[in-house]
Amino acid sequence: MLTPSDSSDVTWQGLTIERNNLPTLAENKQTQTSLNDDGQKVSEFAEAASAPELPQNLDPAIFIDKSTAYLASMLGDPTMRRNEGTVEIWQYQLSDCVFDVYFYADAGSLIARHTDMRSPLLGGVIDPATCMINLHKISETTGRIN
């Protein structure tokens, strides 16, 4: 369900799109030209192929309750690891976003309890779909997520 978050944005399933950047009818339709019974050219609009759904395996939630070994097997080594108290944070610096995974000790193992996607620039805007596509790209290089 589309719900306006303010006068200029539209939010849907956690994604926010600027209202003035919504696709127009011309962007969603393709013109097809054919001949009618009298041999005259007739233009018709045909639905453009919709963008494929993002595979569910791109959702960062798949890493929740997983170990550091699992994350490494799926995405490879992080760009940076750091500890803040008892929390170990793995950071993947991607082209359009930064992806953080927060691991907490659980019965002697580190288990992911939280993930975060953010802009590489302080105060920057992130496109979650693009970030998930970039996550998929690095997962493809490890050969783990299809």
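What you see is a predicted model; the values in this text were computed from it and never measured.

Student: Got a minute to help me understand the packing of helix α2 (residues 68-75) against helix α3 (residues 128-142) in this structure?
Tutor: Direction vectors running N to C along α2 and α3 enclose 90°, while the axes themselves pass 6 Å from each other. Classed by the angle they form, the pair α2 and α3 counts as roughly perpendicular. For the pair α2 and α3, the contacting residues are Ser73, Met74 and Leu75 in the first and Leu135, Ile138, Ser139 and Thr142 in the second. Class assignment for the residues of the contact of α2 with α3 results in four nonpolar, three polar and no charged.

Student: Just to check I follow, could you spell out α3 for this structure?
Tutor: Helical geometry note: an α-helix holds 3.6 residues per turn, so side chains three or four residues apart project in the same direction. Spanning 15 residues, α3 covers 21 Å between terminal C-alpha atoms, matching the ideal 21 Å at 1.5 Å per step. Three or more residues of α3 are buried, namely Pro128, Ala129, Cys131, Met132, Asn134, Leu135, His136 and Ser139.

Student: Whenever I open this one, the packing of aromatic side chains confuses me. Can you help?
Tutor: By convention here, two paired aromatic rings are described through the distance between centres and the angle between planes. Per the stated rule, a full pass over the model turns up four aromatic pairs. Between lysine 66 and the ring centre of tyrosine 70, over which it is positioned, the NZ or CZ distance is 5.3 Å. In this arrangement the basic side chain of arginine 81 is found over the ring face of tryptophan 90, its NZ or CZ atom lying 4.3 Å from the centre.

Student: For this particular structure, what's the right way to read the nonpolar core?
Tutor: Most often, soluble globular proteins have nonpolar side chains that are buried together. Counting residues in hydrophobic clusters, the biggest one holds 14 residues, and the most contacted among them are Leu71, Leu75, Tyr92, Leu94 and Phe99. Every element with two or more residues in this core is listed here: α2, β7 (87-93), β8 (98-106) and α3. In this structure leucine 75 touches Phe63, Tyr92, Phe99, Leu135, Ile138, Ser139 and Thr142, once residues within four positions along its chain are discounted.

Student: Before we go on, may I ask you to explain the pattern of salt bridges in this structure?
Tutor: For side chains bearing opposite charge, pairing can occur when the charged atoms are close. One pass over the structure, following the stated rule, counts five salt bridges. Close ionic contact of aspartate 77 with arginine 81 constitutes a salt bridge, the shortest N to O distance being 3.6 Å. Overlapping salt bridges, with partners in common, bring together Asp65, Asp106 and Arg113 in one network.

Student: Is there a simple way to think about the sheet that holds strand β9 (residues 109-118) in this case?
Tutor: What holds strands together in a sheet is hydrogen bonding between their backbones, with the strands either parallel or antiparallel. Sheet architecture is open: four strands sit in the order β6-β7-β8-β9, paired in antiparallel fashion. The strands lining the two open edges of the sheet, one partner per strand, are β6 (80-84) and β9. For this sheet, the mean angle separating the axes of adjacent strands, direction not counted, is 25°. Taken together, the six bridges between β7 and β8 define a ladder with antiparallel strand orientation. Paired with tryptophan 90 across the strands is valine 101, a residue of β8.

Student: Would you take a moment to explain α2 for this structure?
Tutor: If you check which residues of α2 are buried, you get Leu71, Met74 and Leu75. Buried residues in α2, looked at end-on, bunch into an arc of 75°, giving them a common side. Buried residues along α2 sit against β7, β8 and α3.

Student: Even after reading the chapter, I still don't get the state of the cysteines, so can you show me in this structure?
Tutor: By definition, a disulfide links the sulfur atoms of two cysteine residues through a covalent bond. Under the criterion given, the structure shown has one disulfide. The disulfide bridge from cysteine 97 ends at cysteine 131, spanning 1.9 Å between sulfur atoms. Looking along the S-S bond of the cysteine 97-cysteine 131 disulfide, the torsion reads about 75°, which is the right-handed sense. Separated by 34 residues along the polypeptide, cysteine 97 in the loop between β7 and β8 and cysteine 131 in helix α3 bring together distant segments of the chain. Residue classification places cysteine 97 among the buried positions, given a relative accessible area of 0%.

Each value, and the rule that gives it
Residues numbered from 1 in each chain as written. Predicted model: local features only at pLDDT ≥ 70, side-chain atom pairs only at ≥ 80, totals over all residues. Heavy atoms only, no water. Axes fitted to C-alpha atoms, helices over the stretch in contact; angles between N-to-C directions. Helix = DSSP H or I, 4+ residues; strand = E, 2+ residues; numbered from the N terminus. Parallel < 35°, antiparallel > 145°, perpendicular 65-115°, else oblique. Contact = heavy atoms within 4.5 Å. Nonpolar A, V, L, I, M, F, W, Y, C, P; charged D, E, K, R; others polar. Expected span 1.5 Å × (residues − 1). Buried < 20%, exposed > 50% of the residue type's maximum accessible area, 1.4 Å probe, protein only. Phe/Tyr/Trp six-rings, centres within 6.5 Å; stacked < 30°, edge-to-face > 60°. Lys NZ or Arg CZ within 6 Å of the ring centre and 35° of its normal. Core = buried A, V, L, I, M, F, W, Y, C linked by side-chain atoms within 4.5 Å. Salt bridge = Lys/Arg side-chain N within 4 Å of Asp/Glu carboxyl O. Pairing = 2+ DSSP bridges. Arc of directions from axis to C-beta. Disulfide = S-S within 2.5 Å.

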